[in-house]
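Spelled out, the chains give:
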Amino acid sequence: MEDINPEVQDDRILLLQLQEGKRTAFNILYNKYWEQTYSNAYKRLRDEDQAKDIVQEIFVSIWVNRHSPINNLPAYLSISVRNQVFKLAAKSKNLTPYLEIFDNIPAHNEKADANLLWQEFYRSYEQLLLTLPPKRQQIFRLRFHDDIPTKTIASQMRISRKTVQNQLGKAIEQLRVFFY
């Protein structure tokens, strides 16, 4: 019989109990992993409220989908945080970090030039996307323009999900370097 870390063994038992609908098991897992999950979300977002919202959504999803097995809860939570952060960025289309260069524009000119500035920004953004390698560009557009999950992209392109995630990370880093 293999040696299993008691903490991992405890998680397995709790996850099995969770699948059976036992709230006590859910509460124990929630209390055990909430802070770690929040910290992970906060590191990515630097926003307490958004981080708390994401953690709440993840744990609600775990409860709602409790009948679906989870083998490694810490890994599941980490991936869920990452995916929720990407989803938040894609849904809100909030390019605030990239628009910080416009913060120094006087407020009275902001409305008059807003459309023109947005068009210029968007042209620059599109030109920057064109500098990405074709496959990376395609993956980025599928994920963030078409809101297609990484698993689906991997399946469509016949590549691993990890490759899709790596390419997205490289694309985001390249965009971040350009806009900062």
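Just above sits the structure.
We now turn to the structure provided with this report. Bear in mind that the values here come from a model prediction, so they are computed numbers and not experimental data.

What follows is about the side chain of Ser80. By the secondary structure assignment, Ser80 is in helix α4 (residues 73–92). Assessed through its relative accessible area of 13%, Ser80 is described here as buried. Engagement of the side chain of Ser80 in a polar contact is seen with the backbone oxygen of Tyr76, the distance being 2.8 Å.

Moving on: the layout of surface pockets. A water-sized probe rolled over the atoms picks out the places where empty space is left. Considered as a void within the structure, the second largest pocket measures approximately 520 Å³ in volume. Forming the boundary of the second largest pocket are 20 residues, of which Ile79, Ser80, Asn83, Gln84 and Arg161 lie nearest the centre. For the lining of the second largest pocket, the secondary structure elements donating two or more residues are α3 (48–64), α4 and α8 (150–157). Considered class by class, the residues forming the lining of the second largest pocket number 7 nonpolar, 7 polar and 6 charged.

Two elements in contact, helix α7 (residues 134–145) and α8, have axes whose closest approach is 10 Å; the angle formed by their N-to-C orientations is 140 degrees. With respect to α8, the element α7 is oriented oblique. When the axes of α7 and α8 are compared, the crossing they make is right-handed. In this structure, α7 uses Lys135, Gln138, Ile139, Leu142 and Arg143 to contact α8, whose residues at the interface are Thr150, Ile153, Gln156 and Met157. Among the residues forming the contact of α7 with α8, the class breakdown is 4 nonpolar, 3 polar and 2 charged.

Another aspect to go through is the packing of aromatic side chains. Applying the stated criterion across every chain yields a total of 8 aromatic pairs. With 6.3 Å between their ring centres and 80 degrees between their planes, Phe26 and Phe59 make a pair best called edge-to-face. On the criterion of sequence distance, the pair formed by Phe26 in helix α2 (residues 23–45) and Phe59 in helix α3 is long-range, its members being 33 residues apart. Phe59 shares its class with Phe26; the two are buried. Ring geometry for Tyr38 against Tyr42: centres 6.1 Å apart, planes inclined by 25 degrees, an arrangement best described as stacked. Note that Tyr38 and Tyr42 are positioned in helix α2 at a spacing of 4 residues, about one turn of the helix. A residue is classified by how much of its surface remains accessible, and Tyr42, at 28% relative accessible area, is partly exposed.

All right, on to a negative patch on the surface then. Where like charges cluster on the molecular surface, the negative patch consists of Glu48, Asp49, Asp53 and Glu57. Structurally, the position occupied by Glu48 is in helix α3.

Each value, and the rule that gives it
Residues numbered from 1 in each chain as written. Predicted model: local features only at pLDDT ≥ 70, side-chain atom pairs only at ≥ 80, totals over all residues. Heavy atoms only, no water. Helix = DSSP H or I, 4+ residues; strand = E, 2+ residues; numbered from the N terminus. Buried < 20%, exposed > 50% of the residue type's maximum accessible area, 1.4 Å probe, protein only. Polar contact = N/O pair within 3.5 Å; in protein donor to acceptor, adjacent residues only side chain to side chain. 1 Å grid on protein atoms, 1.4 Å probe; cavity = no way out; pocket = protein on both sides within 12 Å on 5 of 7 lines; lining within 4 Å. Points joined across faces, edges and corners; volume = space filled by probe spheres on them. Nonpolar A, V, L, I, M, F, W, Y, C, P; charged D, E, K, R; others polar. Axes fitted to C-alpha atoms, helices over the stretch in contact; angles between N-to-C directions. Parallel < 35°, antiparallel > 145°, perpendicular 65-115°, else oblique. Left-handed = near helix turned anticlockwise from the far one by under 90°. Contact = heavy atoms within 4.5 Å. Phe/Tyr/Trp six-rings, centres within 6.5 Å; stacked < 30°, edge-to-face > 60°. Patch = residues over 30% accessible without salt bridge, like charges linked within 9 Å, V, L, I, M, F, W, Y side chains within 5 Å. Areas by Shrake-Rupley, 256 points an atom, 1.4 Å probe, with all protein chains shown as cover. Salt bridge = Lys/Arg side-chain N within 4 Å of Asp/Glu carboxyl O. Lys, Arg positive; Asp, Glu negative; His and termini not counted. Charge placed at Lys NZ, Arg CZ, Asp CG, Glu CD.

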